[in-house]
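Residue-level structural notes
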Amino acid sequence: MGLKWKLRQVMRERKMSNKQLAESIGVHRNTVLLLKEDYPTMIRMKHLESLCEILGCEPSDLIEITPEQASA
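Here the structure is a predicted model, which is why all the values come from computation and not from measurement.

1. Regarding the overall build of the chain
Scanning the chain from terminus to terminus reveals five helices and two strands. Ordered by position in the sequence, the α and β elements of the chain form the string β-α-α-α-α-α-β. Along the first, second and third principal axes, the C-alpha atoms of the chain reach 45 × 20 × 20 Å. Here the chain holds 72 residues, and 31% of them are scored as buried.

Written as structure tokens, this is what we have:
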């Protein structure tokens, strides 16, 4: 099983800029850039909760479970 982080996609759908999201959840814009990475190494639960509240979504909208890639 693999995981796909979809914050960038959800933000695009909601037309939310990095600056708007940063101000809404009370973090620096650089933190938003780190959170938008394809596979962030860490996310604080309070940030996940805030993201869901601000973006009007559930954690499952941000994290997609994907089939594991077959190794070559």
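Next comes the rest of the account.
2. Remarks on the nonpolar core
Judged by nonpolar contacts, the single largest core of 17 residues is most densely connected at Leu-7, Met-11, Leu-21, Leu-51, Leu-55 and Leu-62. Elements represented by at least two residues in this core include exactly α1 (7-14), α2 (18-25), α3 (29-35) and α4 (45-55). Here the element with the most residues in this core is α4; it accounts for four residues. The residues touching Met-11, leaving out its near neighbours within four places in the chain, are Met-16, Ser-17, Asn-18, Leu-21, Val-32, Lys-36 and Leu-55.

Cut-offs and rules
- Residues numbered from 1 in each chain as written.
- Predicted model: local features only at pLDDT ≥ 70, side-chain atom pairs only at ≥ 80, totals over all residues.
- Heavy atoms only, no water.
- Helix = DSSP H or I, 4+ residues; strand = E, 2+ residues; numbered from the N terminus.
- Buried < 20%, exposed > 50% of the residue type's maximum accessible area, 1.4 Å probe, protein only.
- Core = buried A, V, L, I, M, F, W, Y, C linked by side-chain atoms within 4.5 Å.
- Contact = heavy atoms within 4.5 Å.

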